[in-house]
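# Observations on the model geometry
Single-letter residue listing:
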Amino acid sequence: MHFEEKAGARAVRLAVMLLAASAAVAVQAQQSSTSDNQPQKVFITGSNIKTIEAETASPVQIITHADIERQGATSVADLVNNISAATSRYDGLSDINGSNSFAPGGTNVTLRNLGEQSTLILVNGRRMPNYALADYTAVFSNLDAIPLDAVERVEILKTGASAIYGSDAVAGVINIITRTDFKGVSVNGDRTQSTQSGQFGTSKASITAGFGDYDKDGWNVLLNADFYKRDSVMWTGLLGYTNPALTKTSPAFGSYSSYSYPGNIVYGEGVTPEPGCDPSLIKGGLCKYNRYDRFQAVPASDRDNFFGSGTLNLGGGTQAFGEAMYSKTKDKYINAYPYYGDGLAPVNWGNATTGAPLVFNYLGLLASSPLNPSGEDGVGFRYRFTDAPAYQNVDSSQYRVLGGLRGTFKEYDWEVAAGVMGSKTQTAEQGAFSSSGFIKEIGDYNNYTADLNAVNLNYQTNDPNFFNQPGGYRPGQTNSAAILNTLFPTFGFSGKDAQTFVDGKISGSLMTLPAGSLDFAAGGEVRHESYTISPSANLAAGDIVGFGISSSDASRTTEAAYAELSIPIVKNLEAKMALRADKYPNLTAHFSPKLALRYTPTDSLLFRATMENGFRAPNLVESANSLKYAFDTGTSDPQRCPQATALSNDLIAQANALAPTNPQVPILYARAESVVANECNFGLADKVTNNPDLKPESSRTASLGVVFEPVKGYKASLDYWNIRRKDTIGSTSTAQLLDGGPIPPGTTLVRLPFNTAADQTFTAAELTQYGVAIGALSQVVRELENISEQKTSGIDFGFKSVTKTGFGKLTMELDGTYLIGFYDSSTSDIHDNLAGQYLLPRVNGNLTASLSTGNFENSLRFNYTGGYALRLGQEDVTWNQAGCTANNFTPDQCRVKGGQTVDYYFAYTGIKNLTLAANVLNMFQQRAPADLRSFGVSGIVPTSFQDAEGRMLRVSVNYKFQ
C-alpha cells in the first residue's frame, strides 16, 4: 500500500476516534474548575484554542454590530464588500449583476482577488451550504441567505486557514457570528433610496426575540426574522446622470434602436418603416425603439430569512445547543425584448448532448414577402418582439439545522455536533428564440442563399412564407399566447445541494511549561455532500438559441482530522502549530501545516508571523460528472478583427462623405457597427467538461506584522501578506488561445470553412481587399485542467483610537490594503505584475470617525479606491498605449482614476428603548470614475450605477421591548 493511502486511512481513523472520544467525554462531563474572576477565554476565528488575547498571531479584523449600523449596510453582502481586503466589488457575482450568469440570484465574496472559491464563509464557525447553482464551474456560499440583523459581529481572518478549516480557506475566512443570550424583543425597520432620482429603493424589517436568561434560568432561545425587499430599477430616466466622460466617447449612448416595433425594411437604396409605427418614433427615416425601457439596472428581490438558536444547561458543565437557519429568496429579472434583423452577427451555440455546433442566421426577405414593399430580394427586416414574454425568475431556498453538546471535563473544553444543510434553486426564463419554435412560427433559418450586396450584407431566405407562415407569428399584429410560448418557451435550471456532517473537538492544557501553559486542540469531521444541476429539456437539446447549459450530478464523503498546539517558548514568545489532514475520494490525503509566532517584548508592542500550506480540493462540478456548454460574449478574433475594424472605418468614412440626409448614411453606419461586432465582439460556443484527474490547488501563505499600542486606546497595525497558489483549476482563456498561446491537450478551436460566398462579414471582394484568408470562429472545446499559477502580496494597515473629549467619546478607525503585486499565468506571463492594471487597484481603504455625545452619535466614513490602467497583461493590445491611441483615447481616458465617497451616520437614543438613525451614503454625490473598457467604444449603458444612485438616504427605526 502506498504511503499516501496509509496516511489517508489513518486520517479517517483519527477523525472517528476523536469523535468517539469527544462523545465519551460528554458522558463523563464535570463542572469546569475555572474560577469566575479569571479573564474569560474565547475562540477567535483561525484557532480552535481559546485565548484571552485580543490580538492573535494571525491578523483578524472584527466588525461589530455597531459598525454595521454606522456603515448603513442593508445586507451581509454590502457589509463584507466594505472590507478593504474584499475584491468582489470589482468582478464578483451578485444577484444584481448575475442575470446572464450560470448562477443568477446568488451573491459571493472574494478576498485578495483570488476568486470566490478561495474565501471560506462560516456562520458561527461552521460552513454554510453551497448555492445550488454553480457560477460556471465555481461553487460558492450565497451571502443573501444570511439575516443581517441576527449578526452580532463579523470576524475576518486575513491569512489562509486550511490547517484549521480545510479546503477553500486559501485567501482567508469570513466568520459571521450571530447574537447569543439575547433577552427581550427588538423590532427594526429601515428604508434606503436615492435622493437624486427617488429610485434604488430597499426596504427591510426584522424582529429579534430572546427568551430566558441562561445565567438565571439555565436556558436561552433566540429567534430572528428578517424581511428584505428591493425595488426594480430600469435605465429609462437614469441616463442623464451618467458621467459625461463616458457618454462623450460613445455616439450610441442614449440612442434609440432601429430594431423596433413594427419594424423597418432596410435595402440598398434606402429604409422604409413598416406601417403602424408611432410617428413620434420615426427618426432619420427609421422607426425607432427606446431600448432603455427594457434595460434593467437593478432587479427586484424579496428575501425572507429566519434564524433561531438555543442553549440549555444540562448541569455538570454540559450544555446542549442548537441552530436553525432558513432562507427564501426571489429575484425577478426583466430582460430586453428579443429582436431580429440584418446587421446582427450569426449566433453560434451548440447541442451539448451531441456536441454538434449550431448557427442561427438572420435572413433577409424575398421580394414576395408581404412585409417587403421594396420589390427587391434579400432586404433586411429589423424587428423587435415587444409582445414576447421576456423575464427571468429565480426562486431559492436554503437551510441549515444542527445540534450538539459542549462542556468541560476537568480542564478540557469539548464539543460535538451533527447537522444537515442544503439549498435549492429553480430558474424560469422566457424571451429567447426556440430553434424549433422559430422554424414553426416564422421559417427555417437554415434555408438561405447568400446576398453579397456590399452595403447590406445578408443571407437571403428561400422560404416564400418567411415571417408569414400559415397560422404562425405575424409581426406588428396581435399574436396568441400559444404562438408566443412556442416561439419563446420557458427554460431554465434546477439545482440542489445537500450535506450532512458530524464533527467534534476537544481543547485544553496538556501541561505547564516554565513559560506558561502548553495548550492543545484536536478534532475531526465527516461530511457527505451531493450536488445536482439539471437544465430544462429544451436547453439540454440545444433548442434555445444562443444558450448553453450547466449540468452536474455527483456526491462524495470527506473526512478530516486536525490538531493544534499553543506553545509558550519563553516569556512573551508563543508559537502555534497546527496540522490538518483532509481525505477526498480519488485523491490522496492532503496535509495542511501551519506555524504562527506571537512575540510581545513590551505591553505596547506585538510582533506576529504566520506560515502555512493551504489547498482547495476540486469541487463536484470540476472533478465529477458535469458539463458546461457556454456562449462566450465579447470574443475578439485577432485574425479577423483588425480587418473588420479597417472595413468599419472605411464604411464610416463613406458615410461621413455623404450629406446627412442621404438614406445611405444610417445603412453605412449600421453595417460599420455590425462588421466590428461580428469579429471583435461576438459570441463563441464554448464546451467545457469535468476532469476526474484534477489535482487539488495548493498554496503557501506567509504573513509578518506588528501591532503598536503606545497609549491605551491608540492602536496601529501593519501586516504584510504573501500568497502563492499553484495548480489553479480552470481552462486556458479563449483570448490566450487566439493570441497564439499553446493549445493544451483536449482543447480544440473550431473555425468555419473559408468560403468567400458564405462569409457573414466580408464580401468576396472585401476578403481580398483586406487580406482575410481564414474562416470565422464557431466553437472552442476544452477540458478543465490544473493550468495556472498565481502570486499576490500586499500590506494591510489599520489604526484605531478611542479618545474622551469635551464633546464626548471620539473613535477613529482606519482599514486599508495596499496591493504590492498580483501575478496570474492564466492572464499574462507569471512575471508580469498586474497590480495597478484593470480591476486591480493598488489601494483600498476607509477611515471612520465617530463622536458619541450623550444621546447622539455622529459618524463620518471616507472610502477610497485607487486608480488603475485599462490594460490587463502584456498581451493586451487593445488597451495598451498603442491600442488606446488607435481608438483615439487619451492617456487619461485609458486609466480609471481613483474614486472616493463620504458617508454620514446619525443616531439618537434619547427616547427610552427607541433608536432613530439615518445614513447618508455618498454624501457629496461623487461620480464613479469613468471606465471606458467596461463601457465599450460604443457603450449603451454603464456597468456601474453609482452615478445614477447619487446620494443615498437610509432611515431606520429600532424599538426594544423590555
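In this text, all values refer to a predicted model and were calculated from it rather than measured experimentally.

## Quick word on the overall build of the protein
Across its full length, the protein carries 18 helices and 46 strands. The C-alpha atoms of the protein give 30 Å as radius of gyration, which agrees with the globular expectation for 962 residues (30 Å, within 12%). Seen along its three principal axes, the alpha-carbon backbone of the protein occupies a region of about 100 × 75 × 55 Å. Within the protein, residue pairs in contact and separated by at least 24 positions form 75% of the contacts whose partners lie at least 6 positions apart. Summing over all exposed atoms, the protein offers an accessible surface of approximately 38,600 Å²; the carbon and sulfur share of this is 56%. Once the 76 positive and 90 negative side-chain charges of the protein are each reduced to a mean point, those two points are 6 Å apart.

## What to know about the sheet that holds strand β21 (residues 380–384)
Spatially, 4 strands are ordered β11-β10-β21-β17 in an open sheet, and the strand pairing comes out antiparallel. The open sheet is flanked by β11 (270–273) and β17 (339–340), the only strands paired with a single partner. Here 2 bridges tie β17 to β21, and the two strands are oriented antiparallel to one another. Paired with Y339 across the two strands is R384, which belongs to β21. Packed onto the sheet, helix α13 (residues 664–680) meets β10 (264–267), β11 and β21 and runs at close to 95° relative to β11.

## Notes on α13
End to end, α13 covers 24 Å across 17 residues, agreeing with the expected 24 Å (1.5 Å per residue, within 8%). Most of α13 is tucked away: 12 of the 17 residues are buried. Regarding α13, the residues found buried are Q664, V665, I667, L668, A670, R671, A672, S674, V675, N678, E679 and C680.

## Comments concerning the pairing of strand β39 (residues 808–824)
For strand β38 (residues 785–805) and β39, the ladder comprises 16 bridges, and the chain directions are antiparallel. Residue S801 lies in a different strand from β39, and its bridge partner there is M812. Turn length for the β38-β39 hairpin, with the two strands adjacent in sequence and antiparallel, is 2 residues. The pairing of β39 with strand β40 (residues 843–853) spans 10 bridges and is antiparallel. Looking at the pairing, G816 lines up with G845 of β40.

## Let's talk about the pairing of β21
Of all 5 residues in β21, 5 are buried; the element is thus mostly enclosed. On β21, burial covers both faces: G380, R382 and R384 on one face and F381 and Y383 on the other are all buried. Where β10 and β21 come together, 3 bridges link them in antiparallel fashion. Residue pairing across strands places V266 opposite G380, the latter belonging to β21.

## Topic: the sheet that holds strand β1 (residues 60–64)
With respect to topology, 5 strands assemble into an open sheet ordered β1-β4-β5-β2-β3, the strand pairing being mixed. Two strands in the sheet have a free side with no partner beyond their single neighbour: β1 and β3 (126–127). In terms of strand pairing, β1 meets strand β4 (residues 151–157) through 5 bridges, oriented antiparallel. Residue pairing across strands places V60 opposite L157, the latter belonging to β4.

## Looking at helix α12 (residues 641–656)
When the terminal C-alpha atoms of α12 are compared, their 22 Å separation across 16 residues agrees well with the 22 Å that a helix rising 1.5 Å per residue should span. Buried within α12 we find C641, Q643, A644, L647, S648, L651 and A655. For α12, the angular spread of the buried residues around the axis is 155°, confining them to a single face. Taken together, the buried residues of α12 touch α13 and α15 (764–769).

## Quick notes on the packing of α12 against α13
Interaxial distance between α12 and α13 falls to 8 Å at its minimum, and their mutual angle equals 170°. Relative to α13, α12 is oriented roughly antiparallel. Along its contact with α12, which presents C641, A644, T645, L647, S648, L651, I652, Q654, A655 and N656, the element α13 presents V665, L668, Y669, R671, A672, V675, V676, E679 and C680. Grouping the constituent residues of the contact of α12 with α13 by class yields 13 nonpolar, 4 polar and 2 charged.

## A few points about the pattern of salt bridges
If you walk through the whole model with that rule in mind, you get 40 salt bridges. Across the pair D413 and K50 runs a salt bridge, and its minimum N-O distance is 3.9 Å. Here the residue D413 occupies a position in strand β23 (residues 412–430), and K50 occupies one in the loop between α1 (3–27) and β1, the gap between them amounting to 363 residues. Classification of D413 as partly exposed rests on a relative accessible area of 23%. For E697, the salt bridge is made with R616, and the minimal N-O distance between the two is 3.0 Å. Of this pair, E697 sits in strand β34 (residues 697–711) while R616 is found in strand β31 (residues 605–616), placing the two residues 81 residues apart along the sequence. Taken together, the shared-partner salt bridges in this structure form one network comprising E69, D149, D190, K204 and R954.

## Thoughts on the nonpolar core
By size, the foremost hydrophobic cluster in this structure holds 38 residues, and its most contacted members are V76, L143, I146, V154, I174 and I176. Within the residue set of this core, elements represented by two or more residues are α3 (76–80), β2 (119–123), β4, β5 (172–178), β35 (714–730) and β39. Counting residues per element, this core draws most heavily on α3, which supplies 4 residues. Excluding its chain neighbours within four sequence positions, the residues that come into contact with L143 are V76, A77, V80, T107, N108, V109 and I121.

## Regarding the state of the cysteines
Summed over the entire model, instances satisfying the criterion amount to 3 disulfides. Residue C277 pairs covalently with C287 via a disulfide, S to S 2.0 Å. Every disulfide takes its handedness from the sign of the S-S torsion; for C277 and C287 that torsion is 90°, giving right-handed. Of this pair, C277 sits in the loop between β11 and β12 (282–283) while C287 is found in strand β13 (residues 286–287), placing the two residues 10 residues apart along the sequence. Residue C277 shares its accessibility class with C287, and that shared class is buried.

Calculation criteria
Residues numbered from 1 in each chain as written. Predicted model: local features only at pLDDT ≥ 70, side-chain atom pairs only at ≥ 80, totals over all residues. Heavy atoms only, no water. Helix = DSSP H or I, 4+ residues; strand = E, 2+ residues; numbered from the N terminus. Rg over C-alpha atoms; globule rule 2.2 N^0.38 Å. Contact = heavy atoms within 4.5 Å. Areas by Shrake-Rupley, 256 points an atom, 1.4 Å probe, with all protein chains shown as cover. Lys, Arg positive; Asp, Glu negative; His and termini not counted. Charge placed at Lys NZ, Arg CZ, Asp CG, Glu CD. Pairing = 2+ DSSP bridges. Axes fitted to C-alpha atoms, helices over the stretch in contact; angles between N-to-C directions. Expected span 1.5 Å × (residues − 1). Buried < 20%, exposed > 50% of the residue type's maximum accessible area, 1.4 Å probe, protein only. Arc of directions from axis to C-beta. Parallel < 35°, antiparallel > 145°, perpendicular 65-115°, else oblique. Nonpolar A, V, L, I, M, F, W, Y, C, P; charged D, E, K, R; others polar. Salt bridge = Lys/Arg side-chain N within 4 Å of Asp/Glu carboxyl O. Core = buried A, V, L, I, M, F, W, Y, C linked by side-chain atoms within 4.5 Å. Disulfide = S-S within 2.5 Å.

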